[in-house]
Amino acid sequence: MQEFKLNNANGLRMIVSDYGGIVRELHAPDRNGEFADVVLGFDTMKEYGSDSPYFGALIGRYGNRIGKGTFSIDGTDYNLAINNGENHLHGGLVGFDKVLWDTQSIEGAGFTGIRMHRVSADGEEGYPGNLDVTITYKLTDDNEWIIDYEATTDKPTVVSLTQHTYFNLSGHASGSCLDHEAIINADHFTPVDESLIPIGTLELVEGTPFDFRERQPIGTRIDSGHDQMKRGGGYDHNFALNKSQSGALERAAFIIDPSSGRTLETLTTEPGAQFYSGNFLDGTAKGKGGAAYNRRSGFCVETQRFPDSPNQASFPSSRLNPGETYRSTTVYRFGVDS
Ligand code: GLA
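Participant: Quick question: what am I supposed to make of unusual backbone geometry here?
Facilitator: One can expect most non-glycine residues to show negative phi and most peptide bonds to be in trans. Here Gly60 and Arg61 are connected by a cis peptide whose omega angle stands at 0°. In this structure, Arg61 sits in the loop between strand S5 (58–59) and strand S6 (65–66). Despite not being glycine, Asn143 shows a phi value in the positive range, around 60°. Looking at the secondary structure, you find Asn143 in the loop between strand S12 (131–140) and strand S13 (144–153). Taking the relative accessible area as the measure of exposure, Asn143 reaches 16% and is therefore buried. Not every positive phi belongs to a glycine, and Arg296 is a case in point at roughly 65°.

Written out as C-alpha cells, the structure is:
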C-alpha cells in the first residue's frame, strides 16, 4: 500500500492511497486563505477496510444500487453480490473501493496527478467480462480535482464508475453540513421505492425539497416529511442533470459554505448525480484526529449513470460492449465566495 501527495501552485494538496483510490486528505483555502482539510476520513488506512462508509473511495463497477442484484444482457441473467438489503450497492462486497490499484505519478502543464489501473476479472462480484479500467486524478493549478475514468470489456457488461468523497467545506470535523447551500442543475430527479431503487419515473423538482435550481440551504427542507425525503432519510437521490447535449462536461452542482466562504462546483459528463447528505453517518466511526462524524456531517456528489439503469429501459444506458470505450469525466472545482 502506498500514498501519493498531490500539490498545486496555490497550496491545495491532497493525499491519495492506491487502496481504493481513497482521497484521505484534501486541503483547500477559505475566503481568508486559511487552509482546512475538507474531506471526511480516517487517520490510518487500516480502518478503511472495515469501518468505512466509502469515505474518499472510488466506486465500481457500478455506483449506486442495482435492484435485487440482477440484470440480463441479451437473454443471459447475471446475479451480483447482494450487500444492501436485497440489493447490490456500490460494486458489491469487494468493490473498487477495497482493492489495490497499480498506481503511478503523472505530471503535465499545470497539474500533478496519478494514474490508476486494474483489470476486474470476468465474474468479479458477478459482473460479466474482463473490465480493463484506468482512472486518473489530476490536481490542477486552477484548483480543480479532475477525475477521468476509462474502461473496456471483452464481453457486453454494465459500468458506472464514481467517487464517494464526503465533503464538509467548513473542515472535516466541523459537524453538520446542513448550513451549506446548494445549487443543483436539475429539473428532474428519479424517485425511489422503500429500498432506494428508482421506480423508473422522472419527477419534476418544482415544488419539492429537490428544487435546488436556485441557491438553497441543504437543511431547510430535509425533514419536511416529503415521502421521498423519508425514504432516503434525507437527500440520497439521483438528480437527472440538465444537459445542453448528452455527454457534455457541465455543472452538476455548486455547494457554498457561507461561514468559511469555500465553494465546490461539480461538473460532469454523466447524465446523473447522487446528492447524498450523509444520512447514514452516526458518529460511531472514529474519524481523523478523533472526529466523530455524526449524521449529515458531510455530503457527496456522486456523478453517475442512473441507479438501476441495467433494469430500466428508459434510463440512459450503462451498457458497454467489446470494442467500445467507457469514458467519463468529473471535475471538483474549489473556490471561494466573498
Ligand atoms: C450512497 C448510497 C447511500 C449510502 C451511501 C453510503 O450514497 O446511495 O444510500 O449507501 O452511499 O453509506
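Now, onward.
Participant: Sorry, what's going on with the nonpolar core here?
Facilitator: One recurring pattern in soluble globular proteins: nonpolar side chains tend to sit buried together. Formed by 55 residues in total, the largest nonpolar core has its most connected members in Tyr137 and Phe239. With 5 residues, the top contributor of residues to this core is S12. Setting aside its immediate chain neighbours within four residues, Tyr137 contacts Val16, Gly21, Val23, Leu58, Thr112, Gly113, Ile114, Met116, Trp145, Ile146, Ile147 and Gln163. Ranked by size, the runner-up nonpolar core spans 15 residues in total, among them Tyr19, Tyr48, Tyr276 and Tyr293.

Participant: Would you mind showing me how to read the pattern of salt bridges here?
Facilitator: When their charged atoms lie close together, side chains carrying opposite charge are able to pair. Following the criterion strictly, the structure yields 20 salt bridges and no others. Notably, a salt bridge pairs Glu144 with Arg333, separated by 3.0 Å at the nearest N-O pair. On the criterion of sequence distance, the pair formed by Glu144 in strand S13 and Arg333 in strand S26 (residues 326–336) is long-range, its members being 189 residues apart. On the basis of relative accessible area, Glu144 is assigned to the buried category, the value being 11%.

Participant: What's the story with the layout of surface pockets in this structure? I'm lost.
Facilitator: Size it by volume and the largest pocket reaches roughly 350 Å³. Around the largest pocket sit 23 residues that line it, and Pro53, Tyr54, Tyr166, Tyr276 and Phe280 are the ones nearest its centre. Its residues assigned to classes, the lining of the largest pocket shows 10 nonpolar, 8 polar and 5 charged. Approximately 170 Å³ is the volume attributed to the second largest pocket.

Participant: Mind showing me how you'd approach empty space enclosed by the protein here?
Facilitator: Over the atoms a probe the size of a water molecule is rolled, and this reveals where empty space is left. Applying the stated criterion across every chain yields a total of 2 cavities of 30 Å³ or more. Of the voids in this model, the largest cavity is the one considered here, and its volume is about 50 Å³. Ile22, Tyr48, Ser52, Tyr54, Phe55, Ala57, Asp97 and Lys98 are the residues that line the largest cavity. When grouped by side-chain class, the residues that make up the lining of the largest cavity number 5 nonpolar, 1 polar and 2 charged.

Participant: Explanation requested: the site of the ligand in the structure shown.
Facilitator: Around the ligand sit Tyr54, Arg65, Leu89, His90, His164, Tyr166, Asp236, Gln274, Tyr276, Phe280 and Glu302, and those are all the residues in its vicinity. Residue His164 places a side-chain N or O atom 2.8 Å away from an oxygen atom belonging to the ligand. Between Glu302 and the ligand, the recorded distance is 2.8 Å, taken from a side-chain N or O atom to an oxygen atom. Contact with the protein chains hides 95% of the accessible area of the ligand, taken as 300 Å² for the molecule alone. Here the shell around the ligand is composed, by residue class, of 5 nonpolar, 3 polar and 3 charged.

Conventions we followed
Chains are numbered independently. Their residues run from 1 in the order of the written sequence. Only residues with pLDDT of at least 70 get local features here, since the model is predicted, and only at 80 or more are side-chain atom pairs given and counted; chain-wide, interface and lining totals rely on the full set of residues. For the side-chain quantities, the full set of heavy atoms in the structure was used; hydrogens and water were omitted. Each helix corresponds to a stretch of at least 4 residues labelled H or I by DSSP, and each strand to a stretch of at least 2 residues labelled E; elements are numbered beginning at the N terminus. Each residue gets one of three labels from its accessible area relative to the maximum for its type: buried under 20%, exposed over 50%, partly exposed in between, using a 1.4 Å probe on protein chains only. Here, nonpolar core refers to any group of buried Ala, Val, Leu, Ile, Met, Phe, Trp, Tyr and Cys residues whose side-chain atoms link them within 4.5 Å. We call two residues in contact when some of their heavy atoms are within 4.5 Å. Salt-bridge detection follows one rule: a side-chain nitrogen of Lys or Arg within 4 Å of a carboxyl oxygen of Asp or Glu. Think of a 1 Å grid over the protein atoms and nothing else: a 1.4 Å probe that fits but is trapped marks a cavity, an open set flanked by protein within 12 Å on at least five of seven lines marks a pocket, and residues with an atom within 4 Å of a point count as lining. Grid points are joined across faces, edges and corners, and a volume is the space filled by probe spheres set on the points. Think of it as three bins: nonpolar holds Ala, Val, Leu, Ile, Met, Phe, Trp, Tyr, Cys and Pro, charged holds Asp, Glu, Lys and Arg, and polar takes everything else, Gly as well. When at least one non-hydrogen atom of a residue lies within 4 Å of a molecule or strand, that residue is treated as near it. We call two N or O atoms a polar contact when they sit within 3.5 Å, provided that within protein one can donate a hydrogen and the other can accept it, with sequence-adjacent residues counted only if both atoms are side-chain atoms. The protein chains shown are the only cover counted for residues, whose accessible areas, like all others here, come from Shrake-Rupley with a 1.4 Å probe.

Note that every value here comes from positions in space, so none of it alone points to a role or purpose.
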